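Single-letter residue listing:
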Amino acid sequence: MISIVRSRCPLVHCITNYVTVNDTANAILAVGASPIMSDDINDVEDIVSISQALVINIGTLNERTVRSMVQAGMKANELGIPVVLDPVGAGASSYRNRTVDELLSKVSFTVIRGNLSEMAYINGSASRTKGVDSSMSEADADPVAVASAVSCKAGAVAAITGRVDTVAKDGRIARIYSGHLEMGRITGTGCMLSGIIGAFVGTGEDPFLMTANAIAAMGAAGIDAYEKAGHLGTGSFRVAIIDALSLMSDAMIKEKGQLEFD
Amino acid sequence: MISIVRSRCPLVHCITNYVTVNDTANAILAVGASPIMSDDINDVEDIVSISQALVINIGTLNERTVRSMVQAGMKANELGIPVVLDPVGAGASSYRNRTVDELLSKVSFTVIRGNLSEMAYINGSASRTKGVDSSMSEADADPVAVASAVSCKAGAVAAITGRVDTVAKDGRIARIYSGHLEMGRITGTGCMLSGIIGAFVGTGEDPFLMTANAIAAMGAAGIDAYEKAGHLGTGSFRVAIIDALSLMSDAMIKEKGQLEFD
Amino acid sequence: MISIVRSRCPLVHCITNYVTVNDTANAILAVGASPIMSDDINDVEDIVSISQALVINIGTLNERTVRSMVQAGMKANELGIPVVLDPVGAGASSYRNRTVDELLSKVSFTVIRGNLSEMAYINGSASRTKGVDSSMSEADADPVAVASAVSCKAGAVAAITGRVDTVAKDGRIARIYSGHLEMGRITGTGCMLSGIIGAFVGTGEDPFLMTANAIAAMGAAGIDAYEKAGHLGTGSFRVAIIDALSLMSDAMIKEKGQLEFD
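Just so we're clear, the structure is a prediction, and the values are computed from it rather than from any experiment.

1. Section: the overall build of chain A
Item 1. A count of helical and extended segments in chain A gives eleven helices and nine strands.
Item 2. Across its three principal directions, the C-alpha atoms of chain A cover 45 × 40 × 35 Å.
Item 3. Residues classed as buried in chain A amount to 68% of the 262 residues present.
Item 4. A separation of at least 24 residues holds for 73% of the contacts in chain A among residues at least 6 apart in sequence.

Rendered as structure tokens:
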């Protein structure tokens, strides 16, 4: 599927946080798409109009950018451009919760990707988010049940990333067993993944399959990068993840992505 | 020429985007200058007053920072400090276009550097910018003609980067054949270059020559980095570009920069 | 001491600049803590309430974020959460000076870390800050005297980083001789250090000892990274610093940290 991204080179408009924005842009470029970051209310309608996907990430949200997220999302809906939501830290603060609620009520999302705590918040479950990391384990909630419920509620592909990643839509379930625990020691692997999902769904192909393949690509990159650089430390591991994404192929995703459909 | 940057260590004030700001700061440090990022209206006059160059990059512009750009630019003009403009995405949205127009009408620039689409917008040509990447090729417009026209219109050194880079001022033309296509697969090589141009013109030497040499330094770094790390992937390639800039010398620019004057 | 950070994994809330925020987050993760960046006035009280430390860095301050810094700092004080101040560029502009004054008057800090110019400003001495780098040398002012005075004035651990680093509190003095001059050629080593100090004091252990050990950890990482990657250039050196932090142990800090108490 990544070969389709590379041949179509979709333009991916991101309204995202300033912590991991550079890695997100480089990850989108690495898989063969083209990123554009723009978050001003005066700019986002024009930019989303020339894009093939919009990614909204609330990592460092503020009043100015939340307005832009809503406006860009509504414009993308009007134009039929797929929209990805990364609800960073949902469950950790009432402002993040209110913002996610507002986004879900005003924008129709194609894909929602988060960790188990964030997705449990969207599902209406009690959620205990430790900052931007998930504080819930699979003992607390079943990822398949939560993903299915979020998918149903939002009419979107729902992806929960964790030890095993789960993608759900309309009764279809995919699981991705690749990735590496050490990815949690680098900031932004989740944000990069949301950007990559934007690149994959920006091709216009089936969002469920593209989301599953995007996660498998990131998981394969994590395995490959850990083999090459994990022993060197987290700085080298991070560089190796971008390296692996930039060399990723359909064959490598098949070989190392560990993607299975129920 | 880079030896002059290293010996004088100019302070370069940047009002730039949050996507590539870290790479821009590290690139400025790598060539021997000192970066300072500051974008609040209360801060920019003081900061530009202690600086030797100002770099304005509109990559993630917003109403707050555009006001700061105008104010800092006007103060720099008053003090005779060189100002570099990177009109990121000009031609891609009406807000970016209006901002570039406002900056050009209120601030006198020493150097303007962009890709062919962005510079064609400034030249008043019809421009089709694909996000932040140029959508125009040399078949659409002649870089020498566009650079000469922008230079004449703005009274600035005009630099257009692309497959071949062009620098124009008062009938003088320089071309730089170095660089590597793969640099387009990393975000920020253009922004880094604009920062480096700020470092070079911050020496107080002739802006035309310094701009041409700054581009040649970046081009030589791209070639060197690709030789060392291109096969490893774009993460390593990006690290190697900063490495190469930090080790760059006048001799290396002469050997690998492929700078020619008409 | 780093083993305590790794076992307790404190959540460190950072309100910091957008230049070095990614490195700061990765440095905090590398030493075993968990970063969360949040700077909106609607969000910071909730986020600081679930955190074990707050780090305030004024590198790219603006009116919106300064209000958030004050509010988060006051909330942290109310809850007894340690607060670290990095007064980036104090002495370089009147807005930075006013902001530092406001923060010091409204928030009680646990640790203040800066270079000699910045700390001399806080001490009320005439300060000549060259941008964000110190323009003062030990010939201009005695770091032990300045640190002791700032500590006394603010009731905080005061740390001055430079050729030799100095930590002062209540008559106790620590000096750290490790680190490497080349660290000044990378942006953000100071910001990363302030983040790491947040991680160390977020354990709840003695702030004087934890600050001294955090600086020694960074110093040891700088030495280790320079040995491994210094000859490759500043891009690789930067990656190697994060690598070294991620592999840092109590034994390595003891061996290479060069920490001495008066």
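Let us keep going from here.
2. Topic: the interface of chain A and chain C
Many descriptions give the size of an interface as the accessible area lost when the pieces come together.
Item 1. If you look at the interface, chain A gives 26 residues, while chain C gives 29 residues.
Item 2. Of all the elements in the fold, those that place two or more residues in the side of chain A that touches chain C are helix H5 (94–106) and helix H10 (234–247) of chain A.
Item 3. In terms of residue count, the dominant contributor to the side of chain A that touches chain C is H10 of chain A (four residues).
Item 4. Each residue belonging to the side of chain A that touches chain C can be placed in one class, and the counts come to nine nonpolar, twelve polar and five charged.

3. A short note on the environment of Thr-189 of chain A
Item 1. Locating Thr-189 of chain A in the fold gives a position in helix H8 (residues 189–201).
Item 2. Spatially, the C-alpha atom of Thr-189 of chain A lies 18 Å from that of Gly-32 of chain A, the residues being 157 residues apart in sequence.

4. Notes on the pairing of strand S1 (residues 11–15) of chain C
All names here are of chain C.
Item 1. Within S1, five of the five residues are buried, which leaves it mostly tucked inside the rest of the structure.
Item 2. Burial along S1 is two-sided: the face carrying Leu-11, His-13 and Ile-15 and the face carrying Val-12 and Cys-14 are both buried.
Item 3. Crossover connection from S1 via helix H2 (residues 21–30) to parallel strand S2 (residues 34–37): handedness right-handed.
Item 4. Pairing of S1 with strand S3 (residues 53–57) involves four bridges; the strand directions are parallel. Residue pairing in the sheet places Ile-15 in a bridge with Ile-56 of S3.

5. Topic: the interface of chain A and chain B
Item 1. Between chain A and chain B, the contact holds 29 residues from the first and 26 residues from the second.
Item 2. If you list the elements that add at least two residues to the side of chain A that touches chain B, you get helix H2 (21–30), strand S2 (34–37), helix H3 (44–49) and H10 of chain A.
Item 3. With eight residues, the single largest contributor to the side of chain A that touches chain B is H10 of chain A.
Item 4. Taken together, the residues of the side of chain A that touches chain B sort by class into 17 nonpolar, six polar and six charged.

6. Quick word on the sheet that holds strand S1 (residues 11–15) of chain B
Strand pairing in a sheet takes place through backbone hydrogen bonds and is either antiparallel or parallel in direction.
All names here are of chain B.
Item 1. Ordered in space as S2-S1-S3-S4-S5-S6-S7-S8-S9, the nine strands form an open sheet in which the pairing is mixed. Edge strands, defined here as strands with exactly one partner in the open sheet, are strand S2 (34–37) and strand S9 (259–261). Taken pair by pair, the neighbouring strands of this sheet meet at an average axis angle of 20°, ignoring direction.

7. Observations concerning unusual backbone geometry
A negative phi holds for most residues other than glycine; trans holds for most peptide bonds.
Item 1. Its identity is not glycine, yet Cys-9 of chain A carries a phi of approximately 45°, on the positive side.
Item 2. Residue position: Cys-9 of chain A is located in the loop between helix H1 (2–8) and strand S1 (11–15).
Item 3. Cys-9 of chain A gets classed as partly exposed once you count the C-beta atoms within 10 Å, which come to 17.
Item 4. A positive phi is found at Asp-170 of chain B, a non-glycine position, where the angle reads about 50°.
Item 5. Residue position: Asp-170 of chain B is located in the loop between strand S7 (165–169) and strand S8 (172–176).

8. Some remarks on the relation of the copies chain A and chain C
Item 1. The two copies are related by a screw motion: chain A maps onto chain C through a turn of 120° and a shift of 0.0 Å along the axis, at an RMSD of 0.0 Å. Read as a symmetry element, the transformation amounts to a three-fold axis. Proximity to the rotation axis, assessed at the C-alpha, singles out Tyr-18 of chain A in chain A; its C-alpha lies 3.6 Å from the axis.

9. Quick look at the relation of the copies chain A and chain B
Item 1. Note on the identical chains: chain A maps onto chain B by a rotation of 120° and an axial translation of 0.0 Å, with an RMSD of 0.0 Å.
Item 2. Taken together, the interface assignments show that only 10% of the residues at the interface of chain A recur at the interface of chain B, consistent with different surfaces on the two copies.

10. Observations concerning helix H4 (residues 63–79) of chain B
Residue and element names in this part refer to chain B.
Item 1. Here H4 spans 25 Å end to end across 17 residues, near enough to the 24 Å set by a 1.5 Å rise per residue.
Item 2. Considered for burial, the residues of H4 that qualify are Thr-65, Val-66, Ser-68, Met-69, Val-70, Ala-72, Gly-73, Lys-75 and Ala-76.
Item 3. Among the structural elements, S1, helix H3 (44–49), strand S3 (53–57), strand S4 (83–86) and helix H5 (94–106) are those in contact with the buried residues of H4.
Item 4. Following H4 by one or two positions, Gly-80 has its phi on the positive side, about 75°.

The rules behind each value
Residues numbered from 1 in each chain as written. Chains lettered and ligands numbered in written order. Predicted model: local features only at pLDDT ≥ 70, side-chain atom pairs only at ≥ 80, totals over all residues. Helix = DSSP H or I, 4+ residues; strand = E, 2+ residues; numbered from the N terminus. Buried ≥ 20, exposed ≤ 12 C-beta atoms within 10 Å, placed from the backbone. Contact = placed C-beta atoms within 7 Å. Nonpolar A, V, L, I, M, F, W, Y, C, P; charged D, E, K, R; others polar. Right-handed = clockwise from strand over helix to strand, strands pointing away. Pairing = 2+ DSSP bridges. Axes fitted to C-alpha atoms, helices over the stretch in contact; angles between N-to-C directions. Least-squares fit on C-alpha atoms with pLDDT ≥ 70 in both. Expected span 1.5 Å × (residues − 1).

Read these as spatial facts, not as claims about activity.
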